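Close look at the chain arrangement
One-letter residues, chain by chain:
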Amino acid sequence: NWDLILYVNLELVNKMSNRRFIVKDMLGQGTFGQVVKCWDTETNDYVAVKLNQKFDPDDKHNIVRMLDYLSFQNHLCIAFEMLGQNLYELLKRNQLRGLKVKYVRAFSKQILDAMVVMRDAGIIHCDLKPENILLAPSVATAAAVKVIDFGSACLEGKTVYSYIQSRYYRSPEVLLGYPYTTAIDMWSFGCIVAELFIGLPLFPGASEYDVLQRMMTILGGQPPDDLLREAKDTGRFFKHVGSIFPGSEAPDGIPSAYRFLSEEEIETRESKRPKVGKWYFPRLKLDRLIYNYPWNNSELTETEETDRLALVDFLKGLLEFDPNKRWSPVQA
Ligand code: ADP
Ligand code: MG
């Protein structure tokens, strides 16, 4: 059926036809690809076959390759290319002391490259963290990484779950229960970049309250009132105190109508947390945290100083409370 073949991926259709399925008709166009009506020569019945769009077909954007899949005793099994250690294992191997700026920069660039492709396709990864970034066989001695684990991914505008992202890397909008976009991946990415440099997670909160408190201490300010007003879970963390409460401010210095709850005020479920976090971590402002790392060393070379100032600037664009102002992968 040549009309049909014009619409679907020729290579795939030929492969399918040679094997088990004979393409009969076009059933529909989905968000992710076409669905074709096929005759199954094994079961002698019609089936609907979905042809997924191929992303990054030439393996140029640092996303793990799927090689094949099979069904084994009712389990869906997916074969991926073999990659190396994940970035958490790499940091651990380095005694959690962080990586040199040149590696932080190289890995960041590669992850962003993958994120541009994901964003163009409207895919939200929903679980970016060091464990889901793997070392790849390096190209000509340069270190390389790939993004893996699309097991929690969803499409922008078709989000289903509200309990997503690993806690340390969870964005303010997800914590607060506000409709989310691909910008949540950029937040996680910001957390990853900081962690690659300092060797420890930036917001290792033992609870969601703890994570939010750490964000506000390190970044200064709090999520903007517009977000707090619209989000459905704001009441778990904030008290509405009217329009001119002078104590708390959004990052741009505008007085907020919301006050962050004290530890005594939050639900017991939330407050059950160790007094000392899992990780030793100075509660410094972001610039000091990065600039003074490893916190006992005062002498920086000129290059180190320039690198760190640039890194702080970069992180501020990513770790922006307001998802609409947060940098996109292309901007970053
Ligand atoms: P989960 O959804 O359970 O987190 P992942 O796909 O993230 O599953 O895989 C779990 C771990 O297995 C990863 O953090 C990584 O260490 C290892 N792993 C996954 N895929 C690969 C791969 N292609 N090559 C090497 N190790 C992998
Ligand atoms: Mg994983």
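For the structure itself, look to the data block above.
Residues numbered from 1 in each chain as written. Chains lettered and ligands numbered in written order. Predicted model: local features only at pLDDT ≥ 70, side-chain atom pairs only at ≥ 80, totals over all residues. Heavy atoms only, no water.

Some details on the pairing of strand 5 (residues 75-80)
Here strand 4 (residues 66-72) runs beside strand 5; their pairing, made up of six bridges, is antiparallel. Each bridged residue has a counterpart across the sheet, and for D68 the counterpart in strand 5 is A79. (Pairing = 2+ DSSP bridges. Helix = DSSP H or I, 4+ residues; strand = E, 2+ residues; numbered from the N terminus.)

Topic: the site of ligand 1
As a structural note, the neighbourhood of ligand 1 is formed by F80, E81, M82, L83, N86, E131, N132, L134, I148 and D149. Here a nitrogen atom of ligand 1 sits 2.8 Å away from a polar atom, N or O, in the main chain of E81. Isolated, ligand 1 exposes 540 Å² of accessible area, and the fraction of that covered by the protein chains is 54%. Of the residues contributing to the shell around ligand 1, the split by class is five nonpolar, two polar and three charged. (Near = heavy atom within 4 Å. Polar contact = N/O pair within 3.5 Å; in protein donor to acceptor, adjacent residues only side chain to side chain. Areas by Shrake-Rupley, 256 points an atom, 1.4 Å probe, with all protein chains shown as cover. Nonpolar A, V, L, I, M, F, W, Y, C, P; charged D, E, K, R; others polar.)

Considerations on the coordination of the magnesium ion (ligand 2)
Within the first shell, the magnesium ion (ligand 2) binds the protein through N132 (OD1) and D149 (OD), at distances of 2.1 to 2.2 Å. Residue N132 is found in the loop between strand 6 (123-124) and strand 7 (133-139), and its partner D149 is found in the loop between strand 8 (142-147) and strand 9 (154-155); the two are separated by 17 residues along the sequence. On the basis of relative accessibility, which here comes to 5%, the residue N132 falls in the buried class. The class of D149 is partly exposed, set by a relative accessible area of 33%. (Donors = N, O, S within 2.8 Å, 3.2 Å for Na, K, Ca; no water. Buried < 20%, exposed > 50% of the residue type's maximum accessible area, 1.4 Å probe, protein only.)

Thoughts on the packing of aromatic side chains
For any pair of aromatic rings, the description rests on two quantities: the centre-to-centre distance and the angle between the ring planes. Evaluation of the coordinates by the stated rule reveals ten aromatic pairs. Between F189 and F314 the ring centres are 6.2 Å apart and the planes differ by 90°, which places this aromatic pair in the edge-to-face class. Of the two residues, F189 sits in helix 6 (residues 183-198) while F314 sits in helix 11 (residues 302-318), which places them 125 residues apart along the sequence. Taken together, W187, F203 and F321 form an aromatic cluster joined through their ring pairs. Here K37 stacks its cationic end above the ring of Y46, 4.5 Å away from the centre of that ring. Positioned above the aromatic ring of Y163, the side-chain terminus of R170 is 4.8 Å from the ring centre. (Phe/Tyr/Trp six-rings, centres within 6.5 Å; stacked < 30°, edge-to-face > 60°. Lys NZ or Arg CZ within 6 Å of the ring centre and 35° of its normal.)

What about the nonpolar core?
Judged by nonpolar contacts, the single largest core of 64 residues is most densely connected at F189, L202, F203, L212 and F238. Per element, the largest residue contribution to this core is ten residues, and it comes from helix 6. C126, C154, V174 and Y180 belong to the second largest nonpolar core, which has seven residues in total. (Core = buried A, V, L, I, M, F, W, Y, C linked by side-chain atoms within 4.5 Å.)

Side note on a nonpolar patch on the surface
On the surface, M66, Y69, L76, I78 and F80 cluster together to form a nonpolar patch covering roughly 570 Å² of accessible area. Of all the secondary structure elements, the ones that give two or more residues to the nonpolar patch are strand 4 and strand 5. Sort the elements by how many residues they give to the nonpolar patch and strand 5 lands first, with three residues. The topology assignment puts Y69 in strand 4. Taking relative accessible area as the criterion, Y69 reaches 53% and is therefore assigned exposed. (Patch = residues over 30% accessible without salt bridge, like charges linked within 9 Å, V, L, I, M, F, W, Y side chains within 5 Å. Salt bridge = Lys/Arg side-chain N within 4 Å of Asp/Glu carboxyl O.)

Some remarks on the pairing of strand 3 (residues 45-52)
For strand 2 (residues 33-40) and strand 3, the ladder comprises eight bridges, and the chain directions are antiparallel. Paired with Q34 across the two strands is L51, which belongs to strand 3. What sits between the antiparallel neighbours strand 2 and strand 3 is a turn of four residues, in which N44 has the positive phi angle 55°.

Observations regarding the pattern of salt bridges
A complete count under the given rule lists 14 salt bridges for this structure. With its nearest N and O atoms 2.6 Å apart, the salt bridge here joins E81 to K146. With E81 in the loop between strand 5 and helix 3 (87-93) and K146 in strand 8, the pair connects residues that are 65 residues apart, well separated along the chain. Each of R20, D40 and E42 takes part in salt bridges that share partners, so that together they form one network.

Shape is all these values report; function is a separate question.
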